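Here is what each chain is made of, one letter per residue.
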Amino acid sequence: MATVIDGKAVAQTIRSEIADEVHFLSQKYGKVPGLAVVIVGHRKDSQSYVGMKRKACAELGINSFDVDLPEQVSQAELIKQVHELNANPDVHGILVQLPLPKHINEETVLTEISLEKDVDGFHPLNIGKLAMKGRDPLFLPCTPKACLELLQRSGVTIKGKRAVVVGRSNIVGLPASLLLLKADATVTTVHSHTSQPESIIREADIVIAAAGQPKMIKGSWIKPGAAVIDVGTNAVDDPTRKSGYRLVGDVDFEEASKTAGWITPVPGGVGPMTVTMLLKNTLEGAKRYIE
Ligand code: GUN
């Protein structure tokens, strides 16, 4: 049976490390790290993610700057707000929650965030540096960083191993592949046009699943002893729950946990770590600025 990686516990450990450093910075320099979280419109999922990020800031003593803009806000007004945050010396990280409404070009907006405050790591220059050998981005995207942190803290060797990333989104799959490559894994990306993904996944020592397809990856696809990191958070109907739904990953956990060496659960795996990596990036940004 696989070792189940407890993302909540690892996140808690890292959060207390961050809280200690935040306290130290304010004692030594009288400066408190600050994160601006910008949200446009009222998407329920985005509101819930943003709420978690702001709450986590408060818990760790990080200042949170809340910018809530209406669905109809113009791209020019949104960029003006980003520029103001770029110029604010108390703000060390800026996050614009995605997706943005259709009339706004996401890449244009993300490119306006100061590189030194790009705590999501989504600025094309940061992603470009992630893709290049010998260059380091100022910030790593939070979910891929969370996946690697979970592997490393669980004692999984990455160097020289075969890794398969399922999915190639700009937010998770693509940067996760690049990050594993930087960590010297041999990386294959599986996506919606890959034929027979199961035969590729069966060769993987490390699987990062970020396809957004509930239980797509079956137990029989997992190489014995592999490390399986499940980024999927798919809501499926469950009439036995008060909410009417429950969250399942991209991996069939019951089956895969019989074969894998390590596996993350959903919920309680990558999820709690993603927000933690955002806080860690904010702290790193503040330290670069203050120290
Ligand atoms: N939407 C879904 N995930 C993310 C994330 O990690 N950062 C931002 N900014 N938006 C998202």
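Definitions and limits used
- Residues numbered from 1 in each chain as written.
- Predicted model: local features only at pLDDT ≥ 70, side-chain atom pairs only at ≥ 80, totals over all residues.
- Core = buried A, V, L, I, M, F, W, Y, C linked by C-beta atoms within 7 Å.
- Buried ≥ 20, exposed ≤ 12 C-beta atoms within 10 Å, placed from the backbone.
- Helix = DSSP H or I, 4+ residues; strand = E, 2+ residues; numbered from the N terminus.
- Domains from an automatic or database assignment.
- Contact = placed C-beta atoms within 7 Å.
- UniProt positions renumbered as here; feature names shortened; annotations may be inferred.
- Pairing = 2+ DSSP bridges.
- Right-handed = clockwise from strand over helix to strand, strands pointing away.
- Near = placed C-beta within 6 Å.
- Nonpolar A, V, L, I, M, F, W, Y, C, P; charged D, E, K, R; others polar.
- Axes fitted to C-alpha atoms, helices over the stretch in contact; angles between N-to-C directions.
- Parallel < 35°, antiparallel > 145°, perpendicular 65-115°, else oblique.
- Left-handed = near helix turned anticlockwise from the far one by under 90°.
- pLDDT = per-residue confidence, 0-100.

(A) Here's a closer look at the nonpolar core. Cys-147, Val-166, Val-207, Ile-208, Val-228 and Ile-229 are the most contacted members of the largest nonpolar core, which totals 80 residues. The leading source of residues in this core is helix H10 (residues 270–290), at seven residues. Summarising the domain contributions, this core has at least three residues from each of domain 1 (30–114) and domain 2 (142–270). In contact with Ile-208, other than residues within four places in its own chain, are Cys-147, Val-165, Val-166, Ala-176, Ile-229 and Val-231.

(B) Looking closely at the UniProt feature "domain: Tetrahydrofolate dehydrogenase/cyclohydrolase catalytic" (unreviewed entry) in the protein. This chain's UniProt record puts "domain: Tetrahydrofolate dehydrogenase/cyclohydrolase catalytic" (unreviewed entry) on residues 5–120. With 52% helix and 16% strand, residues 5–120 has its two end C-alpha atoms placed 24 Å apart.

(C) Quick peek at the pairing of strand S3 (residues 63–69). Bridge count for strand S2 (residues 34–40) against S3 is seven bridges, and the pairing is parallel. Note on S3: the bridge partner recorded for Gly-34 is Asn-63. A crossover links S2 with its parallel partner S3, the connecting element being helix H2 (residues 44–60), and its sense is right-handed.

(D) Examining the site of the ligand more closely. If you check the shell around the ligand, you find Leu-95, Val-96, Gln-97, Leu-98, Asp-120, Cys-142, Thr-143 and Ile-171 and nothing else. At the level of elements, strand S4 (93–96) and helix H6 (142–153) are the ones that each hand at least two residues to the shell around the ligand. Class assignment of the residues belonging to the shell around the ligand gives a composition of five nonpolar, two polar and one charged.

(E) Representation of the sheet that holds S3 in the model. The strand order across the open sheet formed by three strands is S3-S2-S4, and the pairing between neighbours is parallel. Looking at which strands have only one partner, the edges of the open sheet turn out to be S3 and S4. Between one strand axis and the next, the sheet turns by 15 degrees as a mean value, whatever way the strands run. Pairing of S2 with S4, which is carried by four bridges, proceeds in the parallel orientation.

(F) Spatial organisation of the packing of H2 against H10. Taken N-terminus to C-terminus, the directions of H2 and H10 make an angle of 55 degrees; their axes are 10 Å apart at the nearest point. By the angle between their directions, the pair H2 and H10 is classed as oblique. The two elements H2 and H10 meet at a crossing, and its hand is right-handed. Facing H2, whose interface residues are Met-52, Lys-53, Ala-56, Cys-57 and Leu-60, H10 presents Val-275, Leu-278 and Leu-279. Among the residues forming the contact of H2 with H10, the class breakdown is seven nonpolar, no polar and one charged.

(G) Structural detail: the sheet that holds strand S11 (residues 262–263). A sheet is described by the order of its strands in space; here six strands give the open sequence S1-S11-S8-S7-S5-S6, paired in parallel fashion. The two strands at the open ends of the sheet, each matched to only one other strand, are strand S1 (3–4) and strand S6 (186–190). Packed on one face of the sheet, H6 meets strand S7 (206–209) and strand S8 (227–230) and runs near 150 degrees to S8.

(H) Local environment of the confidence of the model for the protein. Confidence in the prediction of the protein, expressed as mean pLDDT, is 97, and 100% of residues score 70 or more. The ipTM value of the predicted complex is 0.94, and its pTM value is 0.95.

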